[in-house]
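A look at the structure
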Amino acid sequence: MYRAQSEATYPLENINTADLAGVFWYLHNEVIVATPRKYKTDRIKRYKVTVKNTWEFWNAHKRQFSAFVAYDAGGCTTPVCKDIY
């Protein structure tokens, strides 16, 4: 998993991450199109992550991940957040 960010330090919860192609898409389409760069983005961080959901979640949803929602500055910014969480 990868993350484009500034020199700021964020806790490793409720942050946006993506595959490498997704981070490059974000950089190309949202970061470098403005001056100064969006959120002062100047680096790509890489994380090695292992995910294992509970059997209860798997039996209810038959998938490993929930729906995609956007997070900015540590908070969910998608209009449906209140319906999901």
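Rules behind the numbers
Residues numbered from 1 in each chain as written. Predicted model: local features only at pLDDT ≥ 70, side-chain atom pairs only at ≥ 80, totals over all residues. Heavy atoms only, no water. Helix = DSSP H or I, 4+ residues; strand = E, 2+ residues; numbered from the N terminus. Areas by Shrake-Rupley, 256 points an atom, 1.4 Å probe, with all protein chains shown as cover. Lys, Arg positive; Asp, Glu negative; His and termini not counted. Charge placed at Lys NZ, Arg CZ, Asp CG, Glu CD. pLDDT = per-residue confidence, 0-100. Buried < 20%, exposed > 50% of the residue type's maximum accessible area, 1.4 Å probe, protein only. Arc of directions from axis to C-beta. Contact = heavy atoms within 4.5 Å. Polar contact = N/O pair within 3.5 Å; in protein donor to acceptor, adjacent residues only side chain to side chain. Salt bridge = Lys/Arg side-chain N within 4 Å of Asp/Glu carboxyl O.

Each helix and strand in the chain was counted, giving three helices and four strands. Accessible surface, the chain: about 7000 Å² in total, of which carbon and sulfur atoms supply 56%. Distance between charge centres in the chain, computed from 12 positive and 8 negative side chains, equals 5 Å.

Let us look at the confidence of the model for the chain. Across the chain, the average pLDDT comes to 87, with 100% of residues at 70 or higher. When the elements of the chain are averaged for pLDDT, strand β3 (residues 71-72) gives the smallest value, 78, and strand β2 (residues 43-46) the largest, 96.

The subject of this paragraph is unusual backbone geometry. Cis peptide bonds are those with omega within 30 degrees of zero, and the linkage from Thr35 to Pro36 qualifies with -5°. By the secondary structure assignment, Pro36 is in the loop between α1 (20-31) and β2. A positive phi is found at Lys62, a non-glycine position, where the angle reads about 55°. Position of Lys62 relative to the elements: it lies in the loop between α2 (55-61) and β3.

The next point concerns α1. Inspection of α1 places Val23, Leu27 and Val31 among the buried residues, and these make up the whole buried set. The arc that holds every buried residue of α1, seen down its axis, measures 40°, which confines them to one face. Along α1, the residues that are exposed and aim more than 90 degrees away from the buried face are Ala21, Trp25 and His28. Buried residues along α1 sit in contact with β1 (2-5) and β2.

So, on to the side chain of Gln5. Mapped onto the elements, Gln5 comes out in strand β1. Of the residues examined, Gln5 reaches a relative accessible area of 6% and is grouped as buried. One polar contact links Gln5 to Arg3, side chain to side chain, over a distance of 2.7 Å.

Now for the pattern of salt bridges. Once their charged atoms are close, side chains differing in charge can pair, the charge on each being opposite to the other. In this structure the tally under the stated criterion is two salt bridges. Measuring nitrogen to oxygen at the nearest pair gives 2.8 Å for the salt bridge that ties Glu30 to Lys38. Judged by relative accessible area, Lys38 falls into the partly exposed class, the value being 29%. The partner of Asp42 in a salt bridge is Arg43, and the shortest N-O contact between them spans 2.9 Å. Classification of Asp42 by relative accessible area gives partly exposed; the value is 45%.

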